[in-house]
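Overview (structure and organization)
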Amino acid sequence: MHYTFDIERGNFTDAGQASSSVKRTLKQLGVDPANIKRTVVALFEAEINAVAHAYGGKIDVDIDGEKIVMVVADEGPGIPNLDLAMQEGWSTASAKVREMGYGAGMGLPNIKKNTDDLKIDTKVGVGTTVTMTVYLT
Amino acid sequence: MTVKEIIEKLDLQCLNEANLDTEVTGAYASDLLSDVMGNARSGQMWITMQTHKNVTAIASLKDIPAVIIVKNGVPDEDMLEHAKDEDICILVSKEATFEVCGKLWELIK
């Protein structure tokens, strides 16, 4: 099964719709609740990252009997130092984003903790593609 | 203890009635959304001063039955609408996080 969602820059109001929709689908498929939880935490964080930092993007989710693969690809500033970005507490979020309760530098670490495989391709000035896999078996 | 009993004991204002008979297993207090995303457990209440729609998005994703907004915070219109759609109980306390947590701890520790 394949699902696609658009990401709009700065649109926090609709953030979470992709995660919400994926959660409903996984529930209907009878996926184990622990795996549903991991999946939605990772997808929500990636979605928020793209909304907060990028200029727009796309989410592709593929679900089969063995795994869930989520690809969040954005056009944006890219991540200049990925090692720093993976550190808990490191954030480049704006004041507005921090006021909302984001920007604590926990997004990428949360994604790493909740996925079995995480791949980040990033190019400064071009964008970032985050590929997250959750294995169901 | 159920959400309804907690509303009575903590003298909370209820802005969206939902999950009133749900048994609460604990609570998580934080205004950092990724902290809640990463660490709150389903069935817990969430105590926060955040009042925007992402609160209900996270509550829904994490199966959090009720959110307590502290210090008479006023939830955004779209947050309340979303709470209705997602069946999340929205409660408001006159008190600050410290007092709400203390009282809740006494009730459900």
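Residues numbered from 1 in each chain as written. Chains lettered and ligands numbered in written order. Predicted model: local features only at pLDDT ≥ 70, side-chain atom pairs only at ≥ 80, totals over all residues.

**Notes on the interface of chain A and chain B**
Convention followed: Each residue gets a C-beta atom placed from its backbone, and two residues are in contact if those atoms lie within 7 Å. Under the DSSP-based scheme used, a helix requires at least four consecutive residues in state H or I and a strand at least two consecutive residues in state E, with every element numbered from the N terminus. Side-chain classes are defined by residue name, with Ala, Val, Leu, Ile, Met, Phe, Trp, Tyr, Cys and Pro counting as nonpolar, Asp, Glu, Lys and Arg as charged, and the others, Gly among them, as polar.
Between chain A and chain B, the contact holds 19 residues from the first and 15 residues from the second. Residue assignment for the side of chain A that touches chain B shows that the elements contributing at least two residues are α1 (17-28), α2 (33-53) and α5 (107-114) of chain A. Element by element, the count of residues in the side of chain A that touches chain B is highest for α2(A), at four residues. When grouped by side-chain class, the residues that make up the side of chain A that touches chain B number nine nonpolar, seven polar and three charged.

**Some words on the sheet that holds strand β1 (residues 13-16) of chain B**
Residues and elements named next belong to chain B. What counts here: Here, strands pair whenever DSSP counts at least two bridges between them. Orientation is described by axes fitted as lines to C-alpha atoms, over the contacting stretch for helices, and by angles from 0 to 180 degrees between their N-to-C directions.
Spatially, β1-β5-β4-β3-β2 is the arrangement adopted by the five strands of the open sheet, whose pairing is mixed. Across the chains shown, the open sheet's two edge strands, defined by having one partner strand only, are β1 and β2 (26-29). Taken over all neighbouring pairs, the strand axes of this sheet differ in orientation by 25° on average, direction set aside. The strands that helix α4 (residues 77-86) touches are β1 and β5 (89-92); relative to β1, the one it contacts most, it runs at about 75°. Strands in contact with helix α5 (residues 97-108) are β2, β3 (44-48) and β4 (66-69); relative to β2, the strand with the most contacts, it is inclined by about 165°.

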